[in-house]
Amino acid sequence: MNDQLLDLAGGDRFADVRQLSSEHQKDHGCGLHNAGGPVMSTVAGIVRSARAQRILDLGSGLGYSTLWLADAAGPACHVTGIDADPDHTQDATLIAAQQGFADRISYLTGTVADVLPTLTGTYDLIHDDAWFADKPDHLDTALDLLRDGGTMTMASWFLLFDALTQSQQEKWESFAASGWQQRTVDYAEHLATRSDIAVHWITSPPVGIATKLDGPSVDLGSPMAATSFRRTPEQVADVVLAWQRPDRPFFAAGACHILARQFTRRHPDFTIVAIRPKPGWSGNHVFATNGTQAFDFNGMSSEADLIRANVEASRAESPDWEFELIPATGEFDAFCRSINCRTASLYPGDVEARADNFINSITSAV
Ligand SMILES: C[S@@+](CC[C@H](N)C(=O)[O-])C[C@H]1O[C@@H](n2cnc3c(N)ncnc32)[C@H](O)[C@@H]1O
């Protein structure tokens, strides 16, 4: 029935690549099991309705899934496929060119866990076919890279239905070892209980869909301390390394003052304030405030809660940590220098534009 419906919806434009992928898998006995037309057609529908443009394809194989994603997202999109097997990414690159998609698709070779931390900016949609039964070690990093409101589509959830219905019990043991049922259910429960996403499953074709919830808004009372995203000494010393961090960590630590500045440009009723530790202590943080609500990488929270979160985190490390609140007055660059922060011109890219994009992605409520 799923194949009939796929035909009804226009068929599989990349059936030849699916065929190649299947033959490659048989010849090499590797883990390249393509997701199949019905799954990718369903994911393509999600790509279109989400108007996704910046897309990641985790476990891209020969690019069957990548082509479906790029076709659905249209000519202005870019899809980055990641696969640990260099033969896969090499063949996939040739295939993307043969299919006329060279300008929309590129591939990176390496494990997803190794490659994701090297990426910058946020993505509208991440398709994850690089896991089997176990919660993947790249999950948190992938969700960090997903923009608020972005979507993660997941193949391989046939495992959950087989675990719950107790079918195919032997079949998956050779791929996922014994105990795959419980580990699959554990992963599903993990996704379902996270507060930063909402997850949904459909059974036929089997697809998991997780939507990243909007950033904190006015009524979310538990902001995180900026020290949770503290830079490494290398990232402190090298602004290029700091720039490569995903948006949330980048604007939590190292560019919080630029974020606050851009926010106050849009919201003149807000002013900029720095939490400045007394000499000898670390724990600088800058936010925008209207006296009751404060804005930083958390989105909007109560100013009192935001200050409390930062003070408690610093005092958990150093019980006698002290600070003062310094309002930004006068020329902004001079203020940056006075609190040991980089001025906008010292970043390797347009940091104000990046802050504007980040604000857009987290401020549906303001
Ligand atoms: C199930 S296949 C999916 C292929 C492709 N998405 C498709 O539908 O044709 C999984 C692919 O992910 C790759 N892979 C599996 N785990 C990976 C990981 N942790 N990091 C990078 N690649 C991985 C394998 O080499 C394989 O090509």
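All chains use their own residue numbering, which begins from 1 and follows the written sequence. Totals for whole chains, interfaces and linings use every residue, but because this is a predicted model, local features are given only for residues with pLDDT of at least 70 and side-chain atom pairs only at 80 or more, for both listing and counting. Note: side-chain values were computed over all heavy atoms of the structure, leaving out hydrogens and water.

### Things to note about a nonpolar patch on the surface
No. 1: On the surface, M1, L5 and L8 cluster together into a nonpolar patch covering about 390 Å² of accessible area.
No. 2: Note on placement: M1 falls in the segment before α1 (2-8). The patches described consist of residues with a relative accessible area above 30% and no salt bridge, like charges being joined within 9 Å and nonpolar side chains (Val, Leu, Ile, Met, Phe, Trp, Tyr) within 5 Å. Only the protein chains shown count as cover for residues, with accessible areas throughout obtained via the Shrake-Rupley method and a probe of 1.4 Å. Definition used for salt bridges: Asp or Glu carboxyl oxygen within 4 Å of a side-chain nitrogen of Lys or Arg. Put simply, DSSP H or I for four residues or longer makes a helix, DSSP E for two residues or longer makes a strand, and each gets a number counted from the N terminus.

### Remarks on the site of the ligand
No. 1: Proximity is defined per residue: any heavy atom of the residue falling within 4 Å of a molecule or strand makes that residue near it. Neighbouring the ligand are 18 residues, the closest being A35, G59, S65, D83 and H88.
No. 2: Two N or O atoms count as a polar contact when they lie within 3.5 Å, although within protein this holds only if one can serve as hydrogen donor and the other as acceptor, and sequence-adjacent residues are included solely when both atoms are side-chain atoms. One of the side-chain nitrogen or oxygen atoms of S65 is found 2.8 Å away from a nitrogen atom of the ligand.
No. 3: The side chain of D83 places a nitrogen or oxygen atom 2.6 Å from an oxygen atom of the ligand.
No. 4: For the ligand, whose free accessible area comes to 600 Å², the fraction covered by protein is 83%.

### Points about the nonpolar core
Nonpolar side chains in soluble globular proteins tend to be buried together.
No. 1: One finds M40, V47, I55, L69 and I105 to be the most contacted residues of the largest nonpolar core, which totals 34 residues.
No. 2: Of all the elements in the fold, those that place two or more residues in this core are α3 (37-50), α4 (64-73), α5 (86-98), β3 (105-109) and β7 (207-212).
No. 3: Ranked by residues supplied to this core, first place goes to α4 with 7 residues. We define the nonpolar core as a collection of buried residues of types Ala, Val, Leu, Ile, Met, Phe, Trp, Tyr and Cys that are connected through side-chain atoms lying within 4.5 Å of one another. When accessible area is computed with a 1.4 Å probe and restricted to protein chains, residues below 20% of their type maximum are described as buried, those above 50% as exposed, and intermediate ones as partly exposed.

### Things to note about the pattern of salt bridges
No. 1: Scanning the model with the defined rule gives 14 salt bridges in all.
No. 2: With a closest N to O distance of 2.8 Å, D305 and R308 form a salt bridge. Here the residue D305 and the residue R308 both occupy positions in helix α15 (residues 303-317), the gap between them amounting to 3 residues, near one helical turn.
No. 3: A relative accessible area of 44% places R308 in the partly exposed class.
No. 4: When salt bridges that share partners are traced, they join D140, R194 and D196 into one network.

### Side note on the domain arrangement of the protein
No. 1: Note: domain ranges come from an automatic or database domain assignment. Along its sequence, the protein is carved into domain 1 (2-212) and domain 2 (226-362).
No. 2: Its C-alpha centre places domain 1 at a distance of 36 Å from the equivalent point of domain 2.
No. 3: Note on contacts: a residue pair is in contact if any heavy atoms of the two residues lie within 4.5 Å. Each partner contributes residues to the interface: domain 1 has 8 residues there, and domain 2 has 8 residues.
No. 4: Computed with a 1.4 Å rolling probe, the buried area is the accessible surface lost when two parts are put together, summed over both parts. Carbon and sulfur atoms supply 52% of the area buried between domain 1 and domain 2, which totals about 640 Å² over both sides.
No. 5: On the domain 1 side of the contact with domain 2, T120, D144 and D148 bury the most area, a combined 54% of that side's loss.
No. 6: Joining domain 1 to domain 2, the criterion identifies 1 salt bridge.
No. 7: The salt bridge partner of D148 is R248, with a shortest N-O separation of 3.4 Å.
No. 8: Summed over the shared surface of domain 1 and domain 2, the result is 1 residue pair in polar contact (both at pLDDT 80 or more).
No. 9: Just so you know the grouping, Ala, Val, Leu, Ile, Met, Phe, Trp, Tyr, Cys and Pro go in nonpolar, Asp, Glu, Lys and Arg go in charged, and all remaining residues, Gly too, go in polar. Taken together, the residues that form the side of domain 1 that touches domain 2 break down as 3 nonpolar, 3 polar and 2 charged.

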